Amino acid sequence: MAPHIVSFRRPYQRIQTKSHCAKICDLLKKEAHAAAATDQVPQPNAIIYHRGALDANRFDTDVELDYRQESYFFYLTGVEDPGYHVVIEVATNQVHLITPEMDEIESLWKAPIDSPTKLLQKYDVDQVHDERELPQLIARLKPTVIYTLDITDTTLLPPMYASNADVTQLRAAMDECRLIKYVWEIQLLRQVCHASSRAHMALMQSTKYHRHESELMALFQWFCVRHGLSRQAYIPIVLSGRRASILHETRHHQNLPPSNDPHAIVLVDAGGERSCYGTDITRCYPANGKFSPEAKTIYEIVLRMQQSVLSSLKEGVMWADMEYLAKRILVEEMVRIGIMNGDVDMLMDRDCYLAFYYHSLGHSVGLDVHDVGGRHRFVLDDVEQRTDFLSHRPLEANMVVTVEPGVYFNETAIRTWTSCPGYEHIFDLERIRQYSVVGGIRLEDTVLITKNGIENLTIVPKSVDEIERLMAATQDLEGAYPYF
């Protein structure tokens, strides 16, 4: 369909980041209060300190890399520009924004920093200071604890306060806060999802004019920019034919399959980003505009997996139950079409679905496409690891997650499972060869969890009929299709 421009907030409307800071401070105070009660020690005079990302160059050149703000810093400040710091007084929730130092020579090459008055208008902070004032600010606050992250550059903090740094508690508090979205965050994510969805729809219609995966990637990025998404949330994954069985290949160096290949699928896993908030959407569609019988069969299996999960999601549901539901439907369908043989319960107990589906069902989405929160960190054999997503708690309202089941005919995975002793009788190799021409299918929506269900933030058509009608439509794309 013809793309529609999505309306965003005014350019300098402030993002309400102080609500984030207050919530984080409350969690830290609660932890400190519990520790003080247990250890009978006084409450700390605490601050939060974090430094945003800096500009960087490519290897040993003066060629600048594409800049993107560090997500934790944006969560605290809403600042997308490089070099800033933030200091937050935990007791009062006062937010101090620290501007980077810029000399006159540097101002010949870079845009000057806004005045303190303008920064106070743009950002949800209480005070603005120059970087040279940071030591005096810290000395005035006299913190007994400085909550910071293990990734934070603390070299500009006064040395006498370095021993007061606590790098263990802030990350857990911020991860928990980022898992549950505020209303304004949901609105921004909804806009980003709708705009990215429009880009996916326009790309489906435009594929017939292109012959290379790299062209589709560039075209998707162009559609996103036209809809107000200035950057991508991650490197787009655009694969076609049997390459669709590869999960995260981002080198787009293949021609699209010829139009006389009836089975060829184009897989596009891509989403735009605005104000550091992104989305994650995957669609698969026939390269020639019409699903073959084999492609339609596998596509509708994945669609059933996803729709069954989507119809079951709501506050209070356990994510592990949804993982099991998707896997069981896959096994049932594989038995139905003859790829697997045996009792469904036995096949599930023996993890046979892993021959065709070997990634998790989804993840949180927000400031990062694989957003933080919902996982416990632990150390095993001196290596930091994380638990499975939401393994220890149910879904809650205002979580934003993806649902992304898939079926892949990947030669390595299939060879591993079909050659395993004791499994030979389970898999029908002739049926696998029949359907392997499809490559792979993945469907991914970004959804908002509510008390009674979900709001699907992804609006790209999914049924076979809807996709084929969209790709066959002849309506003008209103100049949105660039000829390179």
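In case you missed it, the structure is sitting above this.
Residues numbered from 1 in each chain as written. Predicted model: local features only at pLDDT ≥ 70, side-chain atom pairs only at ≥ 80, totals over all residues. Heavy atoms only, no water.

Caption draft 1: Geometry of a negative patch on the surface. A contiguous patch of negative charge on the surface is contributed by Glu-101, Asp-103, Glu-104 and Glu-106. Judged by its relative accessible area of 35%, Glu-106 is partly exposed. (Patch = residues over 30% accessible without salt bridge, like charges linked within 9 Å, V, L, I, M, F, W, Y side chains within 5 Å. Areas by Shrake-Rupley, 256 points an atom, 1.4 Å probe, with all protein chains shown as cover. Salt bridge = Lys/Arg side-chain N within 4 Å of Asp/Glu carboxyl O. Lys, Arg positive; Asp, Glu negative; His and termini not counted. Charge placed at Lys NZ, Arg CZ, Asp CG, Glu CD. Buried < 20%, exposed > 50% of the residue type's maximum accessible area, 1.4 Å probe, protein only.)

Caption draft 2: Region of the structure containing helix H4 (residues 134-141). Taken as a whole, H4 has its buried residues at Leu-134, Leu-137, Ile-138 and Leu-141. Seen from one end, H4 has its buried residues packed into an arc of 95°, which puts them on one side. Turned more than 90 degrees off the buried face of H4, the exposed positions are Gln-136 and Arg-140. Here the buried face of H4 lies against strand E1 (46-51), strand E2 (85-89), strand E3 (94-99) and strand E4 (127-130). Following H4 by one or two positions, Lys-142 has its phi on the positive side, about 50°. (Helix = DSSP H or I, 4+ residues; strand = E, 2+ residues; numbered from the N terminus. Arc of directions from axis to C-beta. Contact = heavy atoms within 4.5 Å.)

Caption draft 3: Focus on the sheet that holds strand E7 (residues 231-232). As summarised here, the arrangement of the 3 strands in space is E7-E10-E11, forming an open sheet in which the pairing is antiparallel. Of all the strands in the sheet, the pair left with one neighbour each is E7 and strand E11 (277-278). The sheet contact formed by E7 and strand E10 (residues 272-274) spans 2 bridges and is antiparallel. The partner of Arg-231 across the bridge, within E10, is Glu-273. (Pairing = 2+ DSSP bridges.)

Caption draft 4: Region of the structure containing empty space enclosed by the protein. Under the definition given, this model contains 1 cavity of 30 Å³ or more. Estimates place the volume of the largest cavity at around 50 Å³. Asp-175, Val-372, Gly-373, Arg-375, Arg-377 and Arg-386 are the residues that line the largest cavity. The residue inventory of the lining of the largest cavity, partitioned by class, reads 1 nonpolar, 1 polar and 4 charged. (1 Å grid on protein atoms, 1.4 Å probe; cavity = no way out; pocket = protein on both sides within 12 Å on 5 of 7 lines; lining within 4 Å. Points joined across faces, edges and corners; volume = space filled by probe spheres on them. Nonpolar A, V, L, I, M, F, W, Y, C, P; charged D, E, K, R; others polar.)

Caption draft 5: Fine view of the pairing of E2. Among the 5 residues in E2, 5 count as buried, and that is most of the element. Of the two faces of E2, the one carrying His-85, Val-87 and Glu-89 and the one carrying Val-86 and Ile-88 are both buried. The pairing of E1 with E2 spans 5 bridges and is classified as antiparallel. Residue pairing across strands places His-50 opposite Val-86, the latter belonging to E2. As paired strands, E2 and E3 are joined by 5 bridges and run antiparallel to one another. The residue bridging Ile-88 from the neighbouring strand is Val-95, located in E3.

Caption draft 6: Structural view of unusual backbone geometry. With a phi close to 65°, Asn-93 is a non-glycine residue in the positive phi region. Note that Asn-93 resides in the loop between E2 and E3. Given the relative accessible area of 18%, Asn-93 is considered buried. Phi at Ser-275 takes a positive value of approximately 50°, unusual for a residue other than glycine.

Caption draft 7: Representation of the environment of Ile-414 within the structure. Its location among the elements puts Ile-414 in helix H11 (residues 411-418). For Ile-414, a relative accessible area of 10% translates into the label buried. Through-space distance from the C-alpha of Ile-414 to that of Phe-356 is 7.2 Å; in sequence the pair is 58 residues apart. If we ignore the near neighbours within four places in the chain, the residues touching Ile-414 are Ala-355, Phe-356, Phe-409, Ile-432 and Ser-436.

Caption draft 8: Quick look at the nonpolar core. In this structure, Ile-24, Leu-313, Phe-356, Val-407 and Phe-427 are the most contacted members of the largest nonpolar core, which totals 131 residues. The dominant element in this core, judged by the number of residues it contributes, is helix H6 (residues 183-206), at 12 residues. Beyond its immediate stretch of four places on either side in the chain, Phe-427 contacts Ile-339, Met-340, Asn-341, Cys-352, Ala-355, Phe-356, Trp-417, Thr-418 and Ile-432. (Core = buried A, V, L, I, M, F, W, Y, C linked by side-chain atoms within 4.5 Å.)

Caption draft 9: Region of the structure containing the pattern of salt bridges. Under the counting rule described, the total for this entry stands at 32 salt bridges. The closest approach of N and O atoms between Asp-55 and Lys-110, which form a salt bridge, is 3.7 Å. In this pair, Asp-55 is assigned in the loop between E1 and helix H2 (71-77) and Lys-110 in the loop between E3 and helix H3 (116-122), connecting sequence segments 55 residues apart. On the basis of relative accessibility, which here comes to 40%, the residue Asp-55 falls in the partly exposed class. Under the relative-accessibility criterion, Lys-110 is labelled partly exposed at 28%. Glu-430 is paired through a salt bridge with Arg-433; the nearest N and O atoms lie 3.1 Å apart. Linking Glu-430 with Arg-433, this pair stays in helix H12 (residues 429-436), spanning 3 residues, or about one helical turn.

Caption draft 10: Representation of the packing of aromatic side chains within the structure. For the structure shown, the criterion picks out 9 aromatic pairs. Clustering of aromatic rings is evident, with ring pairs tying together Phe-74, Trp-184 and Tyr-277. Positioned above the aromatic ring of Tyr-72 is the side chain of Arg-178, whose terminal nitrogen or guanidinium carbon lies 4.7 Å from the ring centre. Across from the ring centre of Tyr-423, 4.1 Å away, lies the NZ or CZ of Arg-350, which sits over that ring. (Phe/Tyr/Trp six-rings, centres within 6.5 Å; stacked < 30°, edge-to-face > 60°. Lys NZ or Arg CZ within 6 Å of the ring centre and 35° of its normal.)

Caption draft 11: A look at a nonpolar patch on the surface. A cluster of nonpolar side chains, Ile-105, Leu-108 and Trp-109, forms an exposed patch at the surface whose accessible area comes to about 450 Å². As for its placement among the helices and strands, Trp-109 is situated in the loop between E3 and H3.

Caption draft 12: Quick peek at the sheet that holds strand E19 (residues 454-456). Strands sit in the order E15-E18-E19 across an open sheet of 3 strands; the sheet is antiparallel. Only two strands of the sheet have a single neighbouring strand rather than two, namely strand E15 (400-403) and E19. Looking at each pair of strands side by side, their axes are set apart by 35° on average, direction ignored. Sheet analysis places strand E18 (residues 445-449) next to E19, joined by 3 bridges and oriented antiparallel. Residue Leu-448 lies in a different strand from E19, and its bridge partner there is Glu-455. (Axes fitted to C-alpha atoms, helices over the stretch in contact; angles between N-to-C directions.)

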